[in-house]
Amino acid sequence: MQTVPVYQALKDQGQSPPTAASPQPPPRPRRLPPRRAAPLLRWDEVPDDFVECFILSGYRRLHCTAQECLASVLQPTNETLNFWTHFIPLLLFASKFCRLLLLRGAGDLPFHHPFLLPLWCYASGVLLTFAMSCTAHVFSCLSLRLRAAFFYLDYASISYYGFGSTVAYYYYLLPGLSLLEPRALSRYLQQRLGWHVDCSAPIALYSALLLPVAFLLAVACTVACCKSRSEWCAYPFAIRTFVFAMPLSMACPIMLESLLFDLKGHNPTLFVYFYRRYFWLLVAAFFNVSKIPERIQPGLFDIIGHSHQLFHIFTFLSIYDQMFYVEEGLRHFLQEPPPASPTFTGTVGYMVLLVLCLVLVIKRFLNVPEFCKQD
């Protein structure tokens, strides 16, 4: 009986025999399971530097990657709304300053005109403050050292914003005050107190010292806030709130103007928005110091509604109102420019020098182990 070869049997069945040259079908790629977000931790599972008062859960782990940090802005962590409550205002203010400075919203002046230099200083301060706040809250879990560095930069940006506001006040708002006009102030003192005083010298001295004093105050505030992150500081939030309230004293002439002269009738926009801004700042300071509402019910407001989110919202409202009267001051300034126009040295030069000083301050604190813990 003849045996049928195996290859011949395969041909009879309609199948082609395998050969060395016949290609094999490629293996199907395995589908990887979707990457899950890192689980959130409780307060006793993270380093002490991560723990916020009365916030019990929603913490990210230490040593997250940059990709994980960015992905966390869409996840329910206790930092998510801290980011969004300043990122949305950042976009809003960027569009407003773009309109004013680049789209000729401040008149027919080109963006590099000297009259707009104080507005550039103010705009850079506002945008840098919101940008650094977003960066610090998103990337604070990369490492302990980077966490300290980001929050030091956050404090420095607030000081930078405070000085930028003072520059805008100095050129756009203060020249229009009767309080800083020698004849008007001398007349007021004579009518109310019977004093015959020439106020030219004190006002000139105040004008000469305003920006240098504000500059030194910005550096000192940054140093104090960086020191508040040390372990010996028992009330860091109260200290930071008080320290950052100090640069607001540069606006005292506007408050005195409303008390001594008819600011409400002379400049109602400045009167209304100025006092409403300080109301928002008082509310923001209250939430930042008191830690309400999470102090009342720890754990309930870990993700939504805790005090730092409310602090962000009310500081945004304060800067939003400030923007109104700074823009109004710019309009009056362009209509009746003073004899001495803003100079590059007196505006941008000050800001660049301040940046260099703040960088040196931050570098100093990052090199001290007490203020910058290693991983």
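Being a predicted model, the structure only gives us computed values, none of them experimental. Per chain, residues are indexed from 1 in the order of the written sequence. The model is predicted, so local features are restricted to residues of pLDDT at least 70 and side-chain atom pairs to those at 80 or more, both for listing and for counting; the totals for chains, interfaces and linings are taken over all residues. Calculated side-chain values reflect all of the structure's heavy atoms, with hydrogen atoms and water omitted.

What follows is about the packing of aromatic side chains. For this analysis, a ring pair means two rings from Phe, Tyr or Trp (six-membered ring only for Trp) whose centres lie within 6.5 Å, classed as stacked if their planes differ by under 30 degrees, edge-to-face if by over 60, and tilted for the remaining angles. Under the criterion given, the structure shown has 30 aromatic pairs. For the pair Phe-93 and Phe-130, a centre-to-centre distance of 5.5 Å together with 20° between the ring planes defines the contact as stacked. Note that Phe-93 is positioned in helix H3 (residues 80-101) and Phe-130 in helix H4 (residues 117-139), a separation of 37 residues in sequence. Here the aromatic rings of Tyr-188 and Phe-261 are separated by 5.3 Å at their centres, their planes lie at 45°, and the arrangement is tilted. With Tyr-188 in helix H6 (residues 182-193) and Phe-261 in the loop between helix H9 (252-260) and helix H10 (263-266), this residue pair connects regions lying 73 residues apart in the sequence. Exposure class is identical for Tyr-188 and Phe-261. Each is buried. In textbook terms, an aromatic cluster arises when at least three aromatic residues are bridged by ring pairs, as seen for Phe-93, Phe-97, Tyr-122, Phe-130, Tyr-161, Tyr-273, Phe-316, Tyr-320 and Phe-324. Definition used: whenever NZ (Lys) or CZ (Arg) falls within 6 Å of the ring centre and also within 35 degrees of the ring normal, the charge is taken to sit over that ring. A cation over an aromatic ring shows up here: Lys-96 above the ring of Phe-324, its NZ or CZ 5.7 Å from the ring centre. Across from the ring centre of Phe-50, 4.4 Å away, lies the NZ or CZ of Arg-147, which sits over that ring. Numbering of helices and strands runs from the N terminus, with a helix taken as a DSSP run of H or I at least four residues long and a strand as a DSSP run of E at least two residues long. Think of it in three bands: with a 1.4 Å probe and only protein chains considered, a residue is buried below 20% of the maximum accessible area for its type, exposed above 50%, and partly exposed in between.

A few words now on a nonpolar patch on the surface. Only residues whose relative accessible area exceeds 30% and that form no salt bridge enter a patch; like-charged residues are grouped when within 9 Å of one another, and nonpolar side chains (Val, Leu, Ile, Met, Phe, Trp, Tyr) when within 5 Å. For every accessible area listed, the method is Shrake-Rupley and the probe measures 1.4 Å; residues are considered covered only by the protein chains on display. We define a salt bridge as a contact between a side-chain nitrogen of Lys or Arg and a carboxyl oxygen of Asp or Glu at a distance within 4 Å. A grouping of Leu-102, Leu-103, Phe-111 and Trp-120 is seen on the molecular surface, where their side chains present a nonpolar patch of about 420 Å² in accessible area. Looking at the secondary structure, you find Leu-102 in the loop between H3 and H4.

Before going further, it helps to spend a moment on the confidence of the model for the chain. pLDDT gives the predictor's per-residue confidence on a scale running from 0 to 100. In the predicted model, the chain carries a mean pLDDT of 87, and 87% of its residues have values of at least 70. Across the chain, element-level confidence peaks in H4 with a mean pLDDT of 97 and bottoms out in helix H1 (residues 6-12) with 46.

What you tend to see is this: most non-glycine residues have negative phi, and most peptide bonds are trans. Here the bond from Ile-292 into Pro-293 is cis, since omega is 20°, no more than 30 degrees from zero. With respect to the helices and strands, Pro-293 occurs in the loop between helix H11 (268-290) and helix H12 (307-335). We note that His-63 has phi near 65°; this positive angle belongs to a residue other than glycine. Take His-63: it is sitting in the loop between H1 and helix H2 (66-71). On the basis of relative accessible area, His-63 is assigned to the partly exposed category, the value being 41%.

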